[in-house]
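# Remarks on the overall topology
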Amino acid sequence: MTAITDSRALDALKQYFGYEAFRPGQSGIVGSIIAGRDVLGVMPTGAGKSVCYQIPATILPGVAIVISPLISLMRDQVDALNDAGIPAAFINTTQTPDEQSSVFAQASAGFIKLLYVAPERLETERFRNFASRTPISLVAVDEAHCVSQWGQDFRSSYLGIGEFIANLPARPTVAAFTATATERVRHDIVSMLGLRDPDVTVTGFDRPNLYFDVIKLETRHKAFWVAKYVAEHADESGIVYCATRKETEALAASLNHAVAELRAADGADPGQAGPIAVAYHGGMSPDVRERAQRDFVTDRVPVVVATNAFGMGIDKSNVRYVIHHNMPESIEAYYQEAGRAGRDGEPSRCTLLWNESDIVTRRRLLDSDYENERLTPDEQEVVRRAKRRLLDAMVGYCRTTDCLHIYMTRYFGENDTVGGTSDGKCAGGCTNCEHTFETVDVTETARAISRCVHDVNQNVGMGKIVKILRGSKAQDLSYLNPESMPTFGMLEGVSEARIRDVLSQMATDGFLFISEGRLPIVKFGTRAAETVAPGFHYEIKKIERTSPTKRGGAAHGTSYEAGDEISSTAVGSYIPDDDAEALFQRLRELRLDIAREIGKPPYIVFSDRTLRDMARIRPVTNAQFLAVNGVGDNKLRLYGERFMNLIRSINAG
């Protein structure tokens, strides 16, 4: 890794972003880029990937091209840079030809340091002509995992980036960045983008400011759980992810209805404060989607209920919680989506609601959504099986009794333990470390399941195996002559739900394998032989199933299951005193006023973390204001006086 040998990078960091030092991993990447070496940075969301190419761009000659997948996000990224005093612009389809010509002219003349474009733009003749006559010092590829068919978000438009770079008159330094990349995906990124002897930096995947929470909850109770959580955190910004477009609209409507009822119960006008949630999905018209995103990003609406079409590259730093209404298809997808919480480093919460039907739904989606015209049928089959293994790892996350932080970092190849506290809990906190789980010895159940899979010659699905083990005489089993099998009725006294739990966990742990197809078949996994060994022992997390009880205030008459209480455990170590909290809220109000005046999202003015530091320092002079983390020269010039005047007035009072 190349060290920074001069002070230019640190000076730029302080001048533009108001920080005295780089975060872990940033310094080496910045130094390598300045020295002209290609880099691959694998860093978690919120770790500051953007700074790694933005700082070199301010130092290197020429223009830096930043390739970003979603044009809807470019304006916010460019606004944030311009607000920090760094000249930046974008080229996309929202501009007229004359506007694009103006940007091209400014970039060619050296008045723009960073130019954001979507990967599709690289294929146009107009952009290639511009690139052939403009000095380009750096090409930065954001969300670089999109180039890999093994990543969870493959995009064919990324395949042309390598060719674009190769055809430039003078090859610039190339920097690729992603938050989620296994070893195989990293290899693809290096190969497909044509990186030359890159400096590969993989920082720790753990996000210690995030509290991870997993709750097994029946589908009919999920809406009320979400509504209750959102109502209890009405002053916080959050994202709720759903699996389908229909669910996003229904849940957003449910949240708004529930909050209106709560306002009415408190004697307030139900519609006075407007909706609390907006829906967002790919089936909406572009203008409706854009309005929903802007309302969320600018804090006009605190909650967005969305499919995974929402969020890639979202720069909104003050998202305090992310709730998954359904289980995602992979750890990579979950890590990226949940990681949109707490980008400013402040304590935030990531909650996953799941049940067995989520697993079934995900498997069906995988079986119907693996077509890729660039792959042969055999290659398609390989990809489909790989995606099934990704799903198995996601199921394992839901069922594990291990620390959720450790489970995730191990998945990405980190075997070191995550940071912990003196009482043995993980630093960020998770539901598994906060609670002591009772485990159940299911050794004999697991042995019986394995034997039954043998009895049916690995040729039926989960449902029939459960029926055989419980001694069912259902008509659909007659062709198997189950009563002649040694395992028929072997688990007669075990509940169907328990057998399904054990079978699913055995598949997750590799003892069994559930095949693809419309009717998934249970087969032996790579560890199947262990189940017949004399010393075999198997335990799973105990899942309590209690009777549903009615709770007051349920949205649209839904009920809530006892035992699945919303945990309000505090996360993180920062506990402001009453005065600091009151000042923080006043600073937030001023930030929102300024943001609306200038037509930009509040986090572009200052992040929550900067406001927290401001509430702690209480600056009233320029020197004190510059000492606040996240305050650079341009921010002082633009906003300093108004914030300091507010602090002075509070101090005087």
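In case you missed it, the structure is sitting above this.
Just so we're clear, the structure is a prediction, and the values are computed from it rather than from any experiment.

For the protein chain, the helix and strand inventory stands at 24 helices and 19 strands. Across the 653 residues that make up the protein chain, the buried fraction comes to 55%. Pairs at least 24 residues apart make up 73% of the contacts formed inside the protein chain by residues separated by at least 6 positions. Of the roughly 27,700 Å² of accessible surface on the protein chain, a fraction of 49% belongs to carbon and sulfur atoms.

Here Leu365 shows up in helix α13 (residues 356-368). Of the residues examined, Leu365 reaches a relative accessible area of 37% and is grouped as partly exposed. Sequence spacing of Leu365 and Glu329 is 36 residues, and the spatial spacing of their C-alpha atoms is 9.1 Å.

A separate point is the nonpolar core. Ile65, Leu115 and Tyr397 are the most contacted members of the largest nonpolar core, which totals 79 residues. By residue number, the principal contributor to this core is helix α14 (residues 377-399), which donates 6 residues. Beyond its immediate stretch of four places on either side in the chain, Leu115 contacts Val63, Ala64, Ile65, Val66, Ala89, Phe90, Ile91, Val103, Phe127 and Phe130. Among the nonpolar cores identified, the runner-up in size contains 36 residues, and Phe17, Ala47, Tyr53 and Leu81 belong to it.

This part is about the pattern of salt bridges. Following the criterion strictly, the structure yields 32 salt bridges and no others. Between Lys635 and Asp83 there is a salt bridge, with the nearest N and O atoms lying 3.2 Å from each other. Of the two residues, Lys635 sits in helix α24 (residues 633-652) while Asp83 sits in helix α4 (residues 74-84), which places them 552 residues apart along the sequence. Comparing Lys635 with Asp83, the two get one shared label, buried. Residue Arg612 pairs with Glu346 through a salt bridge whose shortest N-O separation is 3.7 Å. Taken together, the positions of Arg612 in helix α22 (residues 608-617) and Glu346 in the loop between α12 (331-338) and β13 (348-354) put the pair 266 residues apart, joining distant regions of the chain. No difference in accessibility class separates Arg612 from Glu346, as the two residues are buried.

Attention now goes to the sheet that holds strand β1 (residues 39-42). Within the open sheet, the 7 strands sit side by side as β3-β4-β2-β5-β6-β1-β7. Their pairing is parallel. Two strands close off the open sheet at either side, each with one partner strand: β3 (88-91) and β7 (199-202). Looking at each pair of strands side by side, their axes are set apart by 15° on average, direction ignored. One ladder, built from 4 bridges, connects β1 with strand β6 (residues 173-178); its direction is parallel. By the bridge assignment, Val39 is partnered in β6 with Ala175. Here α4 sits on the sheet and contacts β3 and β4 (114-117); the angle it forms with β3, its principal contact strand, is near 165°.

This paragraph deals with the packing of α12 against helix α15 (residues 404-411). For the pair α12 and α15, interaxial distance at closest approach is 11 Å and the crossing angle is 120°. Judged by the angle between their axes, α12 and α15 are oblique. In this structure, α12 crosses over α15, and the sense of that crossing is left-handed. Contacts from Ile331, Glu332, Tyr334 and Tyr335 of α12 reach α15 at Tyr407, Met408 and Tyr411. Partitioning the contact of α12 with α15 into residue classes produces 6 nonpolar, no polar and 1 charged.

Below, the discussion takes up helix α11 (residues 286-297). Since one α-helical turn is 3.6 residues long, residues separated by three or four positions face the same way. Taking 1.5 Å of rise per residue, the 12 residues of α11 would be expected to cover 16 Å, and the 16 Å separating its terminal C-alpha atoms lies within 8% of that figure. When α11 is considered as a whole, its buried residues turn out to be Ala292, Gln293, Arg294, Phe296 and Val297. The secondary structure elements touched by the buried residues of α11 are α4, β9 (237-241), β10 (277-280), β11 (303-306), β12 (319-324) and α21 (602-605). Trailing α11 by a residue or two, Asp299 shows a phi angle of about 65°, which is positive.

With that out of the way, let us pick up the pairing of β6. In terms of residue burial, β6 counts as a mostly covered element, since 6 of its 6 residues are buried. Burial along β6 is two-sided: the face carrying Thr173, Ala175 and Phe177 and the face carrying Val174, Ala176 and Thr178 are both buried. Bridge count between strand β5 (residues 136-141) and β6: 4 bridges; the pairing is parallel. If you follow Val141 over to β6, its bridge partner there is Ala176.

What counts, and where the lines are drawn
- All residue numbers refer to positions counted from 1 along the written sequence of the respective chain.
- Since the coordinates come from a predicted model, pLDDT governs what is reported: local features require at least 70, and pairs of side-chain atoms require 80 or more to be given and counted, while whole-chain, interface and lining totals use all residues.
- Calculated side-chain values reflect all of the structure's heavy atoms, with hydrogen atoms and water omitted.
- Secondary structure follows DSSP: runs of H or I at least 4 residues long count as helices, runs of E at least 2 residues long count as strands, and numbering of each begins at the N terminus.
- For every residue, the accessible area obtained with a 1.4 Å probe (protein chains only) is divided by the maximum for its type, and the residue is called buried under 20%, exposed over 50%, and partly exposed between those limits.
- Here, residues are in contact when the closest pair of their heavy atoms is within 4.5 Å.
- With residues, only the protein chains shown are counted as cover, and all accessible areas are computed by Shrake-Rupley using a 1.4 Å probe.
- The set of buried Ala, Val, Leu, Ile, Met, Phe, Trp, Tyr and Cys residues whose side-chain atoms join them within 4.5 Å is what this entry labels a nonpolar core.
- Basic side-chain nitrogens of Lys or Arg form a salt bridge, by our definition, when they fall within 4 Å of a carboxyl oxygen of Asp or Glu.
- In short, DSSP must find at least two bridges between two strands for them to pair.
- Between the N-to-C directions of two axes lies an angle of 0 to 180 degrees, each axis being a line fitted to C-alpha atoms and, for a helix, fitted only over the stretch in contact.
- Roughly parallel refers to an angle under 35 degrees, roughly antiparallel to one over 145, roughly perpendicular to one between 65 and 115, and oblique to any angle outside these ranges.
- Note: crossing handedness is left-handed where the near helix turns anticlockwise from the far helix by less than a right angle, and right-handed where it turns clockwise.
- Throughout, the ten residues Ala, Val, Leu, Ile, Met, Phe, Trp, Tyr, Cys and Pro are labelled nonpolar, Asp, Glu, Lys and Arg are labelled charged, and all others, Gly among them, are labelled polar.
- Expected helix span is given by 1.5 Å per residue-to-residue step, counting one fewer step than there are residues.

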